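Structure assessment
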Amino acid sequence: MTDLLPVRRVGFLFNHEHVHQIAHSAPIAFELSRSYREFAVVLLFSSEKQLVALETLARAYPGHRCEYLALRAEGRFAWLEGAPKAFTLLRNLALLKTNAQAFSGFDAIVTPEKTSLAIRGLVGCEGIKLVHTRHGAGDREIGFDAQSQQFDLVLLPGEKIRRRLAAAGALAPRHAIVGYAKFDIGATPAANRRKLFDNDKPTVLYNPHCSPHLSSWYEQGREILDFFRASGRYNLIFAPHVMLFQRRLQVSIDKLAFKWVRNLESKYLASDNIHVDLGSSACTDMTYTRAADLYLGDVSSQVCEFLLNPRPCVFANSHRIRWRDDPNYSAWSLGSVFERVEELPGALESAFRDHAELRAAQEAYVRDTFDLSETPSAQRAAQAIHGFLAHEPQFAGRGERCEPAGRIAERSFHG
């Protein structure tokens, strides 16, 4: 017989075609279900890839009670389930609209992205509390827009994000600094470094973003790959943002821009000193940020994860941005910056040579970005969600029974 407890149903929503956001939110779901029996936690997923990633991660959390529920675009939007990737955003919005009834059964929905704010306008969902875990801890301007303030609770990785949201007038009244749940997964930053090349040459990670108006890829990417292909001094891991090669047409919504993405030429795939990965799990589980000796990129937040173990950095200013003293490019002060690919060899050399001078600044940047403690970040986040909902009067005093968790199989992608 289960105990009589005030049950609160919390859904963790994953509504993105790729899986890179899962590590920022799912660990919190597993910890929430393990620590608080009065919470019925459901993982709301929208693709087979997400389900596989969630079930894989779940193995690290024995004793969790999370359930799984598959969501699909239905009714007149059902055709979007098999539509080309150009319709992905429309499919994501349609999935929200056509699952309003499923959402209405939750007291709170936790999400790593902002599109899910559309749930507020759905019939029957007006009283749902929305919790934002964010994903990534980078410096890009889009991470500090007004939408952040629209969540009922925002979970922050560290003081840097809190300070910048406050400066932008976008800090939600209810927020908590909880660390970075993604760091809970796996071992210490310097551990489990994967050796990808059969030599002792320095290994560079080139990690361009996908955003058309910010990425170095469209202007200089192939020149950068050609440099390393011809170089006898370096190994290169080419692991761009997982969305870069997922769509033929890349569109940025914060500042409207369009770029076509061509297939990657076979010469790079065949090069002995270049390891290419355009979207496997290794691109998002810190395999490459741990394996590399130097980070080469532009605006991706992965540089923050790389710097958890301070090492040399180089940044490509392909758009010739006036970046100094611009908080959107704070990380660029932690390494060498080049504008023309002809400057890349010198930038690499100076980054390795001068790293000792920048190490203290890198360590300070990491402390400001990530508030880490002996308590795992996902546990701290679960505590924040519990404390938030425990003080919401509409959730108090419910006498429902906590039932054992299991798969909600009738809508499973496995079916």
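Our subject in this report is the structure included herewith. (Residues numbered from 1 in each chain as written. Predicted model: local features only at pLDDT ≥ 70, side-chain atom pairs only at ≥ 80, totals over all residues. Heavy atoms only, no water.)

The next subject is the overall build of the protein chain. Along its length, the protein chain carries 12 helices and 15 strands. Counting every position in the protein chain, which comprises 415 residues, the buried fraction comes to 54%. By sequence separation, contacts in the protein chain at least 24 residues apart represent 69% of the contacts at least 6 residues apart. For the protein chain, the computed accessible surface area is about 18000 Å², with 51% contributed by carbon and sulfur atoms. (Helix = DSSP H or I, 4+ residues; strand = E, 2+ residues; numbered from the N terminus. Buried < 20%, exposed > 50% of the residue type's maximum accessible area, 1.4 Å probe, protein only. Contact = heavy atoms within 4.5 Å. Areas by Shrake-Rupley, 256 points an atom, 1.4 Å probe, with all protein chains shown as cover.)

Tallied over the entire structure, the rule returns 19 salt bridges. Close ionic contact of Arg 34 with Glu 31 constitutes a salt bridge, the shortest N to O distance being 3.2 Å. Of the two residues, Arg 34 and Glu 31 are both situated in helix 1 (residues 26–35); the distance of three residues between them amounts to about one turn of the helix. Judged by its relative accessible area of 33%, Arg 34 falls in the partly exposed class. (Salt bridge = Lys/Arg side-chain N within 4 Å of Asp/Glu carboxyl O.)

This paragraph deals with the nonpolar core. Core analysis: the biggest nonpolar cluster contains 59 residues, and Trp 217, Phe 228, Phe 238, Leu 296 and Val 314 have the highest contact counts within it. Per-element tally for this core: the top contributor is helix 6 (residues 217–230), with five residues. If sequence neighbours within four positions are ignored, Leu 296 has contacts with Val 204, Leu 205, Tyr 206, Asn 207, Ile 224, Phe 228, Val 314, Phe 338 and Leu 344. Of all hydrophobic cores here, the second largest spans 38 residues; its members include Val 19, Ile 28, Tyr 36 and Phe 388. (Core = buried A, V, L, I, M, F, W, Y, C linked by side-chain atoms within 4.5 Å.)

Once that is clear, we can look at empty space enclosed by the protein. Inspection of every chain in the model, using the stated rule, returns four cavities of 30 Å³ or more. Considered as a void within the structure, the largest cavity measures approximately 110 Å³ in volume. Looking at the largest cavity, it is lined by 15 residues, and the ones nearest its centre are His 24, Thr 133, Gly 179, Tyr 180 and Ala 181. For the lining of the largest cavity, the class distribution of residues is seven nonpolar, six polar and two charged. Each pocket or cavity is described by its volume, and for the second largest cavity that value is around 80 Å³. Taken together, the residues that form the lining of the second largest cavity break down as seven nonpolar, three polar and two charged. (1 Å grid on protein atoms, 1.4 Å probe; cavity = no way out; pocket = protein on both sides within 12 Å on 5 of 7 lines; lining within 4 Å. Points joined across faces, edges and corners; volume = space filled by probe spheres on them. Nonpolar A, V, L, I, M, F, W, Y, C, P; charged D, E, K, R; others polar.)

On to the packing of helix 5 (residues 159–167) against helix 11 (residues 355–369), then. Direction vectors running N to C along helix 5 and helix 11 enclose 70 degrees, while the axes themselves pass 5 Å from each other. Taken as axis vectors, helix 5 and helix 11 run roughly perpendicular relative to one another. Between helix 5, through Glu 159, Lys 160 and Arg 163, and helix 11, the contact on the second element is made entirely by Tyr 365, Asp 368 and Thr 369. Among the residues forming the contact of helix 5 with helix 11, the class breakdown is one nonpolar, one polar and four charged. (Axes fitted to C-alpha atoms, helices over the stretch in contact; angles between N-to-C directions. Parallel < 35°, antiparallel > 145°, perpendicular 65-115°, else oblique.)

As a further point, take helix 6. Taking 1.5 Å per residue, 14 residues should reach 20 Å; helix 6 reaches 18 Å between its end C-alpha atoms and fits that length. Within helix 6 the residues assigned to the buried category are Trp 217, Tyr 218, Gln 220, Gly 221, Arg 222, Ile 224, Leu 225 and Phe 228. (Expected span 1.5 Å × (residues − 1).)

A separate point is the sheet that holds strand 7 (residues 175–177). Within the open sheet, the seven strands sit side by side as 3-2-1-4-5-6-7. Their pairing is parallel. The open sheet has two free edges, formed respectively by strand 3 (67–70) and strand 7, since each of these has just one partner strand. Neighbour to neighbour, the strand axes of the sheet diverge by 20 degrees on average, direction disregarded. Strands strand 1 (8–13), strand 2 (39–45), strand 4 (108–111), strand 5 (129–132), strand 6 (153–156) and strand 7 of the sheet are contacted by helix 12 (residues 377–390), whose axis makes an angle of about 160 degrees with strand 6. (Pairing = 2+ DSSP bridges.)

To continue, consider helix 3 (residues 88–98). Buried residues of helix 3: Thr 88, Arg 91, Asn 92, Ala 94, Leu 95 and Leu 96, and no others. For helix 3, the secondary structure elements touched by its buried residues are strand 1 and helix 4 (100–103).

Right, let's talk about the packing of aromatic side chains for a bit. Each pair of aromatic rings is reported with the distance of its centres and the angle of its planes. Counted under the stated rule, the structure contains 17 aromatic pairs. Summarising the aromatic geometry, the rings of Phe 30 and Tyr 61 are spaced 5.3 Å apart at their centres and angled 25 degrees between planes, so their arrangement reads as stacked. On the criterion of sequence distance, the pair formed by Phe 30 in helix 1 and Tyr 61 in the loop between helix 2 (48–58) and strand 3 is long-range, its members being 31 residues apart. Just as Phe 30 is buried, Tyr 61 falls in that class too. Here the aromatic residues Tyr 295, Phe 306, Phe 315, Trp 323, Tyr 329 and Trp 332 are joined through ring pairs into a cluster of three or more. The ring of Phe 144 has Arg 134 lying over it, and the distance from NZ or CZ to the ring centre is 5.5 Å. Looking at Arg 311, its charged tip hangs above the ring of Phe 306, at a distance of 3.8 Å from the centre. (Phe/Tyr/Trp six-rings, centres within 6.5 Å; stacked < 30°, edge-to-face > 60°. Lys NZ or Arg CZ within 6 Å of the ring centre and 35° of its normal.)

Purely geometric numbers; function is a separate question.
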